[in-house]
Amino acid sequence: MLNTNIKSLKGQIRVPGDKSISHRGVMFGAISNGITELTGFLDGADCRSTISCFRAMGIDISQNADHVIISGKGMRGLTKPSTILDVGNSGTTTRLISGILSGQSFTSILNGDESIQKRPMGRIMTPLRMMGANIKSIKDNDCAPLEIGGSSLKGIDYNSPVASAQVKSCILLAGLYADRPTSVTEPVLSRNHTELMLKGFGADISSKGLTASIKPAQELYGQKIQIPGDISSAAYFIAAGLICPNADLLIKDVNTNPTRAGIIKVAQDMGGNIEILNQRIIGGEPVADIHVQSSNLHGCKISGQIIPTLIDEIPVIAVMAACATGQTIIADAAELKVKESDRIASVTENLINMGASVTPTDDGMIIDGGKALHGTNIRTYKDHRIAMSFIIAGLVSDGPNSFDDIACIDISYPTFISTLESIVNK
Ligand code: S3P
């Protein structure tokens, strides 16, 4: 395992394609007419779960590494699956597909791994039921397994209590099948890939402030999509470049959509040497190269509207904070408790075991940075982002970390270790 006492971190890398866009490309392609072609697809376990669910509903999908071709069958072309749809570890698959399944004319059952069976689905069941959907938690605990009987849906105007792109997208997708327009208003804006991409597929969808609205659709049309690098994967290398000695990294072709790019602002607020270069638009999404160098970071406060724009990056931001001087306060991030693991608990436990000073709070954590980090036994809770964050922490600890499970990295970044090895000089 890669660890400690690195001399320098240097090089130019690319990270795999964006996970959120990869999932959506498959889903939207499946319910469109004609061919959808994705390049730069994330070949990770989560996105493979989405592919397998749509194959089980009769969609022909060919995958060759990061190149995926979906032969869409139109909005009414899915067929009743003969097996339970296996969503694996993927919350995005579960919640978005539930919106699509609610508008079908067949009954389906969704289930996934131990983690997915603990994640809250009441947040989608409530609005879907308001639309007339026939969705139930089979164990009656508001979690998967879910049974979804197709029904005719009515449009709603929903005020979501959570800033969640998965909830928003689920309702908007159900809205495609409804009898009148549907809107979702969020407390704080979450990632907007569904809004941007569905427009490209021909849906009548618009956004104003915190509200996204969609009109029922008759047809969607297959698209060619070039998927940019995932900023949530780039985050590990942004952090590594900032906290490691003698670091100079260029991360090419990263999606810098403002609803995703909060880590860049935080890196700047912490005094990090970070430059955003070669900014351009590819397929409607902002893309840039990110240059990071070793930095003397200082603590900062991370709360409010920025939280949804960096929610998946908080574990590795917490590692940055442990390496910074002064205090970092992370607040308004109670959503961390319902991710692949309870990330307030899993980040806090592992950072404290490495010697950091961290106090968990109800909606985040307080980190008093600057203490020496020691190698320890990391418990990942099979959460890919915990595993990768603590591999990065291990680069600056004074002894090696060991891990109970790193296979989970395959969920979002199968080539993480080899990319890291390619830039580390010992
Ligand atoms: C995602 C949305 C986020 C994020 C997840 C992917 C998406 O979840 O944590 O990894 O693709 O819509 P929430 O929007 O539910 O917070």
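For the structure, check the block above.
These remarks concern the structure in this document. (Residues numbered from 1 in each chain as written. Predicted model: local features only at pLDDT ≥ 70, side-chain atom pairs only at ≥ 80, totals over all residues. Heavy atoms only, no water.)

A few words on the pairing of strand β5 (residues 85-88). Looking along a regular strand, one sees the side chains alternate between the two faces of the sheet. The sheet contact formed by β5 and strand β6 (residues 107-112) spans three bridges and is parallel. Looking at β6, one finds that glycine 88 is bridged to glycine 112. After leaving β5, the chain enters helix α3 (residues 91-102) and then returns to the sheet as β6, a path that is right-handed. (Pairing = 2+ DSSP bridges. Helix = DSSP H or I, 4+ residues; strand = E, 2+ residues; numbered from the N terminus. Right-handed = clockwise from strand over helix to strand, strands pointing away.)

We now examine the state of the cysteines. Within this structure, the stated rule accounts for zero disulfides. With no disulfide of its own, cysteine 323 lies 8.2 Å from the sulfur of cysteine 244, the closest cysteine sulfur. We note that cysteine 408 lacks a disulfide partner, and the nearest cysteine sulfur, in cysteine 47, lies 16 Å from it. Among the residues examined, cysteine 408 registers a relative accessible area of 8% and is labelled buried. (Disulfide = S-S within 2.5 Å. Buried < 20%, exposed > 50% of the residue type's maximum accessible area, 1.4 Å probe, protein only.)

Membership of the largest hydrophobic core comes to 72 residues, with the highest contact counts inside it found for Phe237 and Phe416. With 10 residues, helix α7 (residues 231-243) is the largest single contributor of residues to this core. What phenylalanine 237 contacts, discounting residues up to four positions off in sequence, is Ile13, Val15, Leu249, Ile251, Val292, Tyr413, Phe416, Thr419, Leu420 and Ile423. Ranked by size, the runner-up nonpolar core spans 64 residues in total, among them Ile116, Leu198, Ala203 and Ile214. (Core = buried A, V, L, I, M, F, W, Y, C linked by side-chain atoms within 4.5 Å. Contact = heavy atoms within 4.5 Å.)

A separate point is the sheet that holds strand β7 (residues 134-137). Read from one edge to the other, the open sheet built from four strands follows the order β5-β6-β8-β7, with strand pairing classed as mixed. At either end of the open sheet lies a strand with only one pairing partner, and these are β5 and β7. Averaged over all adjacent pairs, the angle separating strand axes in this sheet is 20°, with direction ignored. With four bridges joining them, β6 and strand β8 (residues 146-149) adopt antiparallel strand pairing. Its bridge partner lying in β8, threonine 107 is registered against glycine 149. (Axes fitted to C-alpha atoms, helices over the stretch in contact; angles between N-to-C directions.)

Throughout the structure, instances matching the rule amount to 22 salt bridges. A salt bridge links glutamate 37 to lysine 224; its shortest N-O distance comes to 3.9 Å. With glutamate 37 in strand β2 (residues 33-39) and lysine 224 in strand β13 (residues 224-226), this residue pair connects regions lying 187 residues apart in the sequence. Look at lysine 224 and you get exposed, because its relative accessible area is 69%. Between aspartate 269 and lysine 265 there is a salt bridge, with its nearest N and O atoms 2.8 Å apart. (Salt bridge = Lys/Arg side-chain N within 4 Å of Asp/Glu carboxyl O.)

The geometry of helix α11 (residues 384-394) relative to helix α12 (residues 416-423) is characterised by a closest axis approach of 12 Å and an angle of 20° between their N-to-C directions. As summarised for this structure, α11 and α12 are arranged roughly parallel, according to the angle between their axes. Of the two elements, α11 crosses α12, and the hand of that crossing is right-handed. Only Phe416, Ile417 and Leu420 of α12 make contact with α11, whose side of the interface consists of Met388, Ile391 and Ile392. Within the contact of α11 with α12, the residues separate by chemical class into six nonpolar, no polar and no charged. (Parallel < 35°, antiparallel > 145°, perpendicular 65-115°, else oblique. Left-handed = near helix turned anticlockwise from the far one by under 90°. Nonpolar A, V, L, I, M, F, W, Y, C, P; charged D, E, K, R; others polar.)

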